[in-house]
Amino acid sequence: NAGVMQNPRHLVRRRGQEARLRCSPMKGHSHVYWYRQLPEEGLKFMVYLQKENIIDESGMPKERFSAEFPKEGPSILRIQQVVRGDSAAYFCASSPPSVGYGYTFGSGTRLTVV
Amino acid sequence: TQLLEQSPQFLSIQEGENLTVYCNSSSVFSSLQWYRQEPGEGPVLLVTVVTGGEVKKLKRLTFQFGDARKDSSLHITAAQPGDTGLYLCAGGNTGTASKLTFGTGTRLQVTL
């Protein structure tokens with residue numbers, strides 16, 4: 001009974017490259033959320049997706065960031081033309097439809113832009 | 001914009017002491033969750049409270065949701081080194097799955 005799987009765990013990109021972060025939700029969970037965490041800070045909401053739909057992307061930067069959750073396969077958070085300020089830990093969480101069960105988080109992807 | 005402020009920001013105590021962490025907001029939330037995060041890992045859900053005034057106990061941890069559903073507290077009795085970590089509260093707005101607003105975090109260190 002695997003939990004939320006994120007890969008890679010660590011990702012190093014040079015400025016201007018693309019970063020692609022993957023998240024496979026828990027079995028039976030249909031909702032996926034992406035959060036960003038800077039060192040010593042709380043988590044900031046980025047985007048909430050269901051299969052093939054973006055439900056809420058109010059936390060996503062307007063440029064360079066995109067997310068998808070296709071019918072088949074993992075959810076992808078894509079950052080184009082990365083800059084040093086994108087360096088952070090990116091966490092994916094999944095949940096069943098009711099918030100009463102809470103989120104299950106993955107172990108995160110730590111993105112370092114050099 | 002809804003904000004959740006946690007206090008204290010940092011807390012260093014010795015094993016066996018009691019402590020309380022507070023989570024406050026000017027906004028009402030329909031549910032509130034507490035998570036613990038260890039270095040290099042994702043947050044792990046400790047509890048969800050949904051009713052104003054609700055109190056939940058999890059071994060040495062006691063969680064309370066304020067009557068007005070704007071604040072919450074986490075009390076740890078007889079802290080142990082294994083309690084060390086970053087404690088995060090998070091508020092939810094609707095009865096169905098939705099984004100959570102996370103608090104600023106309380107970093108707890110328990111020493112021998």
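In short, a report on the structure. (Residues numbered from 1 in each chain as written. Chains lettered and ligands numbered in written order. Predicted model: local features only at pLDDT ≥ 70, side-chain atom pairs only at ≥ 80, totals over all residues. Heavy atoms only, no water.)

## As for the overall build of chain A
Thinking step 1. The helix and strand tally for chain A stands at zero helices and 11 strands.
Thinking step 2. Its helices and strands in sequence order give chain A the pattern β-β-β-β-β-β-β-β-β-β-β, from N to C terminus.
Thinking step 3. Since a compact globule built from 114 residues should have a radius of gyration of about 13 Å, the 13 Å found for chain A is in line with a globular shape.
Thinking step 4. Overall, the C-alpha framework of chain A stretches about 40 × 25 × 25 Å when taken along its three principal axes.
Thinking step 5. Taking all 114 residues of chain A together, 45% fall into the buried category.
Thinking step 6. Looking at chain A alone, contacts between residues at least 24 apart form 51% of all its contacts between residues at least 6 apart.
Thinking step 7. Of the roughly 5,800 Å² of accessible surface on chain A, 47% is carried by carbon and sulfur atoms. (Helix = DSSP H or I, 4+ residues; strand = E, 2+ residues; numbered from the N terminus. Rg over C-alpha atoms; globule rule 2.2 N^0.38 Å. Buried < 20%, exposed > 50% of the residue type's maximum accessible area, 1.4 Å probe, protein only. Contact = heavy atoms within 4.5 Å. Areas by Shrake-Rupley, 256 points an atom, 1.4 Å probe, with all protein chains shown as cover.)

## A word on the packing of aromatic side chains
Residue and element names in this part refer to chain A.
Thinking step 1. One pass over the full model with this rule turns up 11 aromatic pairs over all chains.
Thinking step 2. On the numbers, 6.5 Å between centres and 85° between planes, the contact of Phe91 with Phe105 is edge-to-face. One end of the pair, Phe91, is in strand 9 (residues 88–95); the other, Phe105, is in strand 10 (residues 104–105), and 14 residues separate them in sequence. Each member of the pair, Phe91 as well as Phe105, is classed as buried. (Phe/Tyr/Trp six-rings, centres within 6.5 Å; stacked < 30°, edge-to-face > 60°.)

## Quick word on the pairing of strand 3 (residues 19–24) of chain B
Residues and elements named next belong to chain B.
Thinking step 1. Residues Leu19, Val21 and Cys23 of strand 3 are buried on one face, while the alternating residues Thr20, Tyr22 and Asn24, pointing to the opposite face, are not.
Thinking step 2. In terms of strand pairing, strand 1 (residues 5–7) meets strand 3 through three bridges, oriented antiparallel. Looking at strand 3, one finds that Glu5 is bridged to Asn24.
Thinking step 3. Relative to strand 8 (residues 71–76), strand 3 is paired through six bridges, and the arrangement is antiparallel. Looking at the pairing, Val21 lines up with Leu74 of strand 8. (Pairing = 2+ DSSP bridges.)

## Examining the interface of chain A and chain B
Thinking step 1. With 27 residues of chain A at the contact, the number on the chain B side is 24 residues.
Thinking step 2. For the pair chain A and chain B, the two sides together bury roughly 1,800 Å², of which 51% comes from carbon and sulfur.
Thinking step 3. Taken together, chain A and chain B are joined by two salt bridges.
Thinking step 4. In this structure, the connection of chain A to chain B is made through eight residue pairs in polar contact (both at pLDDT 80 or more).
Thinking step 5. Put simply, the parts of the chain that give the side of chain A that touches chain B at least two residues each are strand 4 (31–37), strand 5 (43–50) and strand 9 of chain A.
Thinking step 6. Among the elements that line the side of chain A that touches chain B, the one with the most residues is strand 4 of chain A, at four residues.
Thinking step 7. Split into classes, the residues belonging to the side of chain A that touches chain B amount to 12 nonpolar, 10 polar and five charged. (Buried area = accessible area lost by both parts, 1.4 Å probe. Salt bridge = Lys/Arg side-chain N within 4 Å of Asp/Glu carboxyl O. Polar contact = N/O pair within 3.5 Å; in protein donor to acceptor, adjacent residues only side chain to side chain. Nonpolar A, V, L, I, M, F, W, Y, C, P; charged D, E, K, R; others polar.)

## With respect to the pairing of strand 5 of chain A
Moving residue by residue along a regular strand, the side chains alternate between the two faces of the sheet.
Residues and elements named next belong to chain A.
Thinking step 1. Extensive coverage of strand 5 is indicated by the burial of six of its eight residues.
Thinking step 2. Hairpin connection of strand 4 to strand 5: five residues between the antiparallel strands, including Glu40 at a positive phi of 60°.
Thinking step 3. Bridge count for strand 5 against strand 6 (residues 53–56) is three bridges, and the pairing is antiparallel. For Gln50, the partnering residue across the bridge sits in strand 6 and is Asn53.
Thinking step 4. Between strand 5 and strand 6, which pair antiparallel and follow one another directly, the connecting turn spans two residues, one of which, Glu52, has a positive phi of 65°.

## What about the pattern of salt bridges?
Thinking step 1. On inspection of all chains with the given rule, the structure shows eight salt bridges over all chains.
Thinking step 2. Ionic pairing is found between Arg78 of chain A and Glu18 of chain A, a salt bridge with its closest N-O pair at 3.8 Å. Highlighted residues: Arg78 of chain A in strand 8 (residues 75–79) and Glu18 of chain A in the loop between strand 2 (10–13) and strand 3 (19–24), separated in sequence by 60 residues.
Thinking step 3. A salt bridge links Lys56 of chain B to Glu54 of chain B; the shortest N-O distance between them is 3.8 Å.
Thinking step 4. Lys56 of chain B sits in the partly exposed class, given a relative accessible area of 33%.
Thinking step 5. Glu54 of chain B sits in the buried class, given a relative accessible area of 17%.
Thinking step 6. Salt bridges sharing common partners tie together Glu18, Arg20, Glu68 and Arg78 of chain A.

## Quick notes on the nonpolar core
Thinking step 1. Of all hydrophobic cores here, the largest spans 23 residues; its most connected members are Trp34, Met46, Leu77 and Tyr90 of chain A.
Thinking step 2. Of all the secondary structure elements, the ones that give two or more residues to this core are strand 3, strand 4, strand 5, strand 7 (65–68), strand 8, strand 9 and strand 11 (109–113) of chain A.
Thinking step 3. Counting 21 residues, the second-largest nonpolar core is a separate cluster that includes Leu4, Phe29, Trp34 and Val49 of chain B. (Core = buried A, V, L, I, M, F, W, Y, C linked by side-chain atoms within 4.5 Å.)

Fair warning: the whole summary comes from geometry, so function is off the table for now.
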